[in-house]
Amino acid sequence: DNFSRKGRFHQARVGLEGEVMPNLFLKVRSGPHFRRYPNGSERNFNLWVADFRLEYEMRKNLTLKAEFVREPVEATFVETHFYREHLYQLGLEYQFRRQWGVFSEVKYYRHFYPEKIPLGGANRSRRDHHMGMKMGVRYRPMEWWELELAYEYLRRNSNVADSGYTDNLLSLTSALAY
């Protein structure tokens, strides 16, 4: 948490993980999440959080992924402590060579802000809706090293004027697994 807000959070999650059918892997976690903010107008977050991940190996080299996440996110705005995020995501990975693969994912997520702000002549909560798509290629020269070249398109629509935007991102990522 941001130290100037003096926020604290506590959570407990219980989950299941495993292969529920041949080639179908499931990971589910859920539990209560409590955030306390002694300073500010909207101090506390007391809700259930959850994440649900599903992977289906359609073939040895082709995997379908689905994900749903509901959780609070620490905000970067001074007057806002947190917002709730609901994420829905679908992805596909195809490994066409031993060290090479391509991937694609689409996602939609919403942000719900608890603080009320003046909108259209009334005090309302801010709502943002994001839509995104990412595709790229992965190269794994060693079992512990991965390189990724990707393009991502992201569009945010907001009920707050001038808060919507469109991003086009090109990234080169290197990851080490240990």
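The rules we used
- Residues numbered from 1 in each chain as written.
- Predicted model: local features only at pLDDT ≥ 70, side-chain atom pairs only at ≥ 80, totals over all residues.
- Heavy atoms only, no water.
- Phe/Tyr/Trp six-rings, centres within 6.5 Å; stacked < 30°, edge-to-face > 60°.
- Lys NZ or Arg CZ within 6 Å of the ring centre and 35° of its normal.
- Helix = DSSP H or I, 4+ residues; strand = E, 2+ residues; numbered from the N terminus.
- Buried < 20%, exposed > 50% of the residue type's maximum accessible area, 1.4 Å probe, protein only.
- Contact = heavy atoms within 4.5 Å.
- Pairing = 2+ DSSP bridges.
- pLDDT = per-residue confidence, 0-100.
- Salt bridge = Lys/Arg side-chain N within 4 Å of Asp/Glu carboxyl O.
- Polar contact = N/O pair within 3.5 Å; in protein donor to acceptor, adjacent residues only side chain to side chain.
- Patch = residues over 30% accessible without salt bridge, like charges linked within 9 Å, V, L, I, M, F, W, Y side chains within 5 Å.
- Areas by Shrake-Rupley, 256 points an atom, 1.4 Å probe, with all protein chains shown as cover.

### Concerning the packing of aromatic side chains
The final tally for this structure, using the stated rule, is five aromatic pairs. Residue placement shows Arg138 over the ring face of Phe103; its charged tip is 3.9 Å from the ring centre.

### Regarding the side chain of His33
Here His33 shows up in strand β3 (residues 24–36). The buried category is assigned to His33, whose relative accessible area is 3%. In contact with His33, not counting residues within four places along its chain, are Phe9, His10, Gln11, Phe45, Asn46, Leu47, Val49 and Pro72.

### Examining the pairing of strand β5 (residues 62–74)
As judged from the nine bridges shared by strand β4 (residues 45–59) and β5, these two strands associate in the antiparallel manner. Bridge pairing in β5 links Tyr56 to Leu64. Counted between consecutive antiparallel strands, the loop separating β4 from β5 contains two residues. For β5 and strand β6 (residues 82–94), the ladder comprises 13 bridges, and the chain directions are antiparallel. Looking at the pairing, Phe68 lines up with Tyr88 of β6.

### Some thoughts on the environment of Arg29
Along the chain, Arg29 turns up in strand β3. Distance in space between the C-alpha atoms of Arg29 and Arg13 is 5.9 Å, their sequence separation being 16 residues. Among residues more than four places away in sequence, those in contact with Arg29 are Arg13, Val14, Gly15, Val49, Ala50, Asp51 and Arg53.

### Section: the confidence of the model for the protein
Chain-level statistics for the protein give a pLDDT mean of 89 and a share of 92% at 70 or above. Mean pLDDT across the secondary structure elements of the protein bottoms out at strand β1 (residues 8–11), with 81, and peaks at strand β10 (residues 165–176), with 97.

### Section: the pattern of salt bridges
Should their charged atoms come close, side chains of opposite charge can pair. Counting across every chain of the model gives 15 salt bridges. The partner of Asp51 in a salt bridge is Arg53, and the shortest N-O contact between them spans 2.7 Å. Residue Asp51 is classed as buried on the basis of its relative accessible area of 3%. Overlapping salt bridges, with partners in common, bring together Glu55, Lys65, Glu93, Lys134, Arg138, Arg140, Glu146 and Glu148 in one network.

### Some points on the side chain of Glu152
Examined against the element boundaries, Glu152 turns out to sit in strand β9 (residues 145–158). With relative accessibility at 15%, the residue Glu152 sits in the buried group. Within the structure, the side chain of Glu152 is placed 3.3 Å from the side chain of Lys107, a separation counted as a polar contact. Setting aside residues no more than four positions away along its own chain, Glu152 makes contact with Lys107, Met133, Lys134, Asp167, Asn168 and Leu169.

### Regarding unusual backbone geometry
A positive phi is found at Asn23, a non-glycine position, where the angle reads about 70 degrees. Here Asn23 shows up in the loop between β2 (14–21) and β3. Owing to a relative accessible area of 35%, Asn23 belongs among the partly exposed residues under this scheme.

### Here's the deal with a nonpolar patch on the surface
Taken together, the side chains of Tyr56, Met58, Leu64, Leu90, Leu92 and Val106 define a hydrophobic patch exposed on the protein surface, amounting to about 510 Å² of accessible area. Its place among the elements puts Met58 in strand β4.

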